[in-house]
Amino acid sequence: MSADSERSSEDRAAAQERFLSLFLRSEREVFRYVAALVPNVADAEDIVQQTALSLWEKFDAYDSSQPFTPWACRFALNKTKQWIERRQRWQALLEGGLAEELAQRREELRPEIEIRLKHLESCLNKLPEERRSIVQGYYYRREGIEKVAEHSGRTVAATYKTLQRIREALHLCMENAAKGVA
């Protein structure tokens, strides 16, 4: 490692340590600031997290002669405004009848969806037990790929590949079922 890259790594580590120290001392104040602007604690926590990421990205622009907390709160205000705008746009879509339109469209598609689900169930039942177990673990029980791999005695990479092949086989089976091909 060259002296310049070593120095750069040390500088970055020092900057990171300094940032963490400043942010951790200000985090409660930043949270209170955001929480006063948004009604939900979980949303406020998300905004503070997004703020921390932005602060770190722009930390090299921070003027250390100025207090950190007001600088951080300005970032938090911008993140909060962005969050409110996104929420208002979503709210406007919902108020504009989008939710009802989506519900109506789903109801219109219900017969087709039910037929596809029956085809999928039939195709799943045609899979060998070992492959069906992989699908059930990954998609139905929401087990992580590592756990599914462990249960199947495969590597993670092999399990991903097996899932890909299973999906392709299921897709083909469902297309054939839709065409009436046995």
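To start, this report covers the structure provided alongside it. (Residues numbered from 1 in each chain as written. Predicted model: local features only at pLDDT ≥ 70, side-chain atom pairs only at ≥ 80, totals over all residues. Heavy atoms only, no water.)

**Remarks on helix α5 (residues 129-140)**
Point 1. Among all positions of α5, only Arg-132, Ile-134, Val-135 and Gly-137 are buried.
Point 2. The positive-phi residue at the C-terminal boundary of α5 is Arg-142, with phi of around 55°. (Buried < 20%, exposed > 50% of the residue type's maximum accessible area, 1.4 Å probe, protein only. Helix = DSSP H or I, 4+ residues; strand = E, 2+ residues; numbered from the N terminus.)

**As for the packing of aromatic side chains**
Point 1. Tallied over the entire structure, the rule returns 11 aromatic pairs.
Point 2. Measuring from centroid to centroid gives 5.8 Å for Phe-19 and Phe-23, while their planes differ by 15°, and the two rings are stacked. Linking Phe-19 with Phe-23, this pair stays in helix α1 (residues 3-35), spanning four residues, or about one helical turn.
Point 3. Each ring, one from Tyr-62 and one from Trp-71, has its centre 5.0 Å from the other, and the planes form 45°; the classification is tilted.
Point 4. Taking the relative accessible area as the measure of exposure, Trp-71 reaches 11% and is therefore buried. (Phe/Tyr/Trp six-rings, centres within 6.5 Å; stacked < 30°, edge-to-face > 60°.)

**Observations concerning the state of the cysteines**
Point 1. Within this structure, the stated rule accounts for one disulfide.
Point 2. Through a disulfide, Cys-123 is tied to Cys-173; the S-S separation comes to 2.0 Å. Here Cys-123 and Cys-173 share a disulfide; its torsion about the S-S bond, -90°, makes the bridge left-handed. Residue Cys-123 is located in helix α4 (residues 98-126), and its partner Cys-173 is located in helix α7 (residues 156-179); the two are separated by 50 residues in the primary sequence. As far as the burial class goes, Cys-123 and Cys-173 line up, both buried. (Disulfide = S-S within 2.5 Å.)

**Quick word on unusual backbone geometry**
Point 1. Unlike most non-glycine residues, Arg-142 shows phi in positive territory, near 55°.
Point 2. The residue Arg-142 is located in the loop between α5 and α6 (145-152) in this model.

**Things to note about helix α3 (residues 68-95)**
Point 1. In this model, α3 (28 residues) spans 40 Å end to end at C-alpha, consistent with the 40 Å of a helix rising 1.5 Å per residue.
Point 2. Along α3, the residues that are buried comprise Phe-68, Trp-71, Ala-72, Cys-73, Phe-75, Ala-76, Lys-79, Thr-80 and Trp-83.
Point 3. Following α3 by one or two positions, Gly-97 has its phi on the positive side, about 95°. (Expected span 1.5 Å × (residues − 1).)

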